[in-house]
Amino acid sequence: MNPDLADLNALLAVARARGFREASRTAGTGASTLSEAVRRLEASLGVRLLHRTTRSVTPTEAGARLIERLAPALEEVAAALGAVDDLREGVTGTLRLNVPVSAARLVLPTILPGFLAAHPGITVEIVAEDGFVDVLASGCDAGIRYDERLEQDMIALPIGPREQRFATAASSAHLDRHGRPTHPRDLLRQPCILGRFASGRLTSPWEFERDGDVIRIEPQARLTVGIGGATDLAVEAAIAGVGVIHLFEGWLQPYLTSGALQPVLEDWWQSFSGPFLYHSSRRLVPPPLKAFIDYVRRTA
């Protein structure tokens, strides 16, 4: 008994798709070819591995036991062969990442240029959006999100700065008109600029912290913009004196440095943990993603 590796992969593909036709779409192999591979494997092992009906295909008890042990073993084989390919001819392919706009602006610019220089055979596609999405269903290999928004059954790897802060700022003209706040509750009497996620949720309440004292406020919105594409509009509006803005410190830092914006309540700015690169724990890691993970780990 010496089953062919391709036949074992065919069994796994059909079992995961719960059908020969469905498996053929993802495997890039004809349904009849997959069916013949499974029949050949069953003949080799002398036991039926799949229950076949006109509506579905499900593993038999023997098939389920084999598949349970087979899936991780085949993934290890594929990973080992992939590692050899990497050494022989370099990694090639496309890496697709789904990231929030903040990560596209504040995290990836310090990582992607070096990664692309180290892997000339890889192309990268970035989908920047702030909504909560199913990374795999969206056609991406991995995503970047903050810990409270990680999907279940995902492997997470720290990426970028491990600590960030929310900064609060306003223009000098705004502070001259409305006064400089000395406590977060002072912002309740000032016009502010809020963001709205694609889900409809506002970037409110604003949260501040000092010496263990946490204050949450619901500011009055003079202007509300969509998070992501319109965030730069919010910054420009703050510079023009429309209201107080509350955003990633890294996003506002150039304007704080230039003096276009003035820090507000800086001793109350709250820190939070940095983002994570995450990918499915149920799926073989594609070579471009593996190369990116290795690069992030080496340069962390």
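Cut-off values and rules
- Residues numbered from 1 in each chain as written.
- Predicted model: local features only at pLDDT ≥ 70, side-chain atom pairs only at ≥ 80, totals over all residues.
- Heavy atoms only, no water.
- Helix = DSSP H or I, 4+ residues; strand = E, 2+ residues; numbered from the N terminus.
- Expected span 1.5 Å × (residues − 1).
- Buried < 20%, exposed > 50% of the residue type's maximum accessible area, 1.4 Å probe, protein only.
- Axes fitted to C-alpha atoms, helices over the stretch in contact; angles between N-to-C directions.
- Parallel < 35°, antiparallel > 145°, perpendicular 65-115°, else oblique.
- Left-handed = near helix turned anticlockwise from the far one by under 90°.
- Contact = heavy atoms within 4.5 Å.
- Nonpolar A, V, L, I, M, F, W, Y, C, P; charged D, E, K, R; others polar.
- Phe/Tyr/Trp six-rings, centres within 6.5 Å; stacked < 30°, edge-to-face > 60°.
- Lys NZ or Arg CZ within 6 Å of the ring centre and 35° of its normal.
- Pairing = 2+ DSSP bridges.
- 1 Å grid on protein atoms, 1.4 Å probe; cavity = no way out; pocket = protein on both sides within 12 Å on 5 of 7 lines; lining within 4 Å.
- Points joined across faces, edges and corners; volume = space filled by probe spheres on them.
- Arc of directions from axis to C-beta.

S.K.: When you look at helix α10 (residues 287-299) in this model, what are you seeing that I'm missing?
M.R.: Spacing of three or four residues puts side chains on the same side of an α-helix, whose turn is 3.6 residues. Counted at 1.5 Å a residue, the expected span for α10 with its 13 residues is 18 Å, and the 18 Å between its end C-alpha atoms agrees. Burial in α10 covers these residues: P288, L289, A291, F292, I293, Y295 and V296.

S.K.: Just checking my understanding: could you explain the packing of helix α1 (residues 5-17) against helix α3 (residues 31-45) for this structure?
M.R.: For any two helices packed against each other, one specifies the inter-axial angle together with the distance between the axes. α3 packs onto α1 with a crossing angle of 115° between their chain directions and a minimal axis gap of 8 Å. The angle between the axes of α1 and α3 places the two elements in the roughly perpendicular class. Between α1 and α3 lies a crossing of left-handed hand. Of α3, the residues touching α1 (which contributes D7, L8, A10, L11 and V14) are L34, A37, V38, R40 and L41. Partitioning the contact of α1 with α3 into residue classes produces eight nonpolar, no polar and two charged.

S.K.: Whenever I open this one, the packing of aromatic side chains confuses me. Can you help?
M.R.: Working definition: an aromatic ring pair is given by the centre-to-centre distance plus the angle between the planes. Tallied over the full model, the rule gives seven aromatic pairs. Clustering of aromatic rings is evident, with ring pairs tying together Y146, F166, F248 and F272. Over the ring of F276 we find R162; its NZ or CZ atom is 5.0 Å from the centre of that ring.

S.K.: How do you make sense of the pairing of strand β12 (residues 244-248) when you look at a structure like this?
M.R.: Moving residue by residue along a regular strand, the side chains alternate between the two faces of the sheet. Most of β12 sits out of view: five of its five residues are buried. Bridging between strand β7 (residues 163-170) and β12 involves four bridges; their strand directions are antiparallel. Bridging across to β12, F166 finds its partner in F248. Where strand β8 (residues 191-196) lies against β12, two bridges are found, and the strand directions are parallel. Bridging from a neighbouring strand, I193 pairs with I245 of β12.

S.K.: What am I meant to see in the layout of surface pockets here?
M.R.: Gaps left between atoms are located by rolling a probe of water-molecule size over the structure's atoms. Its volume calculated, the largest pocket comes out at about 830 Å³. For the largest pocket, the lining is made up of 35 residues, of which F166, F197, R201, T203 and F248 are closest to its centre. Residue assignment for the lining of the largest pocket shows that the elements contributing at least two residues are α5 (101-106), β8, β9 (206-210), α8 (231-239), β12 and β14 (271-273). At four residues, the largest contribution of residues to the lining of the largest pocket is made by β12. When the residues that make up the lining of the largest pocket are grouped by side-chain class, the tally is 18 nonpolar, ten polar and seven charged.

S.K.: Which parts of the structure should I look at to understand the sheet that holds strand β3 (residues 93-99)?
M.R.: The strands making up a sheet are joined through hydrogen bonds of the backbone, oriented either antiparallel or parallel. Spatial ordering of the open sheet is given by β4-β3-β5-β15-β6, a layout of five strands whose pairing is mixed. Edge positions in the sheet fall to β4 (122-128) and β6 (154-158), since each of these pairs with one other strand and no more. Taken over all neighbouring pairs, the strand axes of this sheet differ in orientation by 25° on average, direction set aside. When β6 meets strand β15 (residues 276-280), the two strands line up antiparallel, connected through five bridges. The partner of I155 across the bridge, within β15, is H279.

S.K.: Help me out: how do you make sense of the environment of P3 in this one?
M.R.: Tracing the chain through its elements places P3 in the segment before α1. Along the backbone, P3 and L41 are 38 residues apart, and their C-alpha atoms lie at a distance of 6.3 Å. Not counting residues within four places of it along the chain, the set of residues in contact with P3 comprises L8, L41, S44 and L45.

S.K.: Would you take a moment to explain unusual backbone geometry for this structure?
M.R.: Backbone phi values are negative for most residues with the exception of glycine, while trans is the configuration of most peptide bonds. The omega torsion of the bond from S204 to P205 falls at 10°, within 30 degrees of zero and hence cis. Take P205: it is sitting in the loop between β8 and β9. In the Ramachandran plot, D211 falls in the positive-phi region, its phi being about 55° despite a non-glycine side chain. Within the secondary structure, D211 sits in the loop between β9 and β10 (213-217). When its relative accessible area of 78% is taken as the criterion, D211 is described as exposed. With a phi angle near 55°, L265 is a residue other than glycine that sits in the positive phi range.

S.K.: What is the right way to look at α3 in this model?
M.R.: With 15 residues, α3 extends 21 Å from end C-alpha to end C-alpha; this agrees with the ideal 21 Å at 1.5 Å per step. By the burial criterion, the buried members of α3 are L34, S35, A37, V38, L41 and E42. In an axial view of α3, the angular spread of the buried residues amounts to 160°, which keeps them on one side of the axis. In α3, the exposed positions that point more than 90 degrees away from the buried face belong to S32 and A43.

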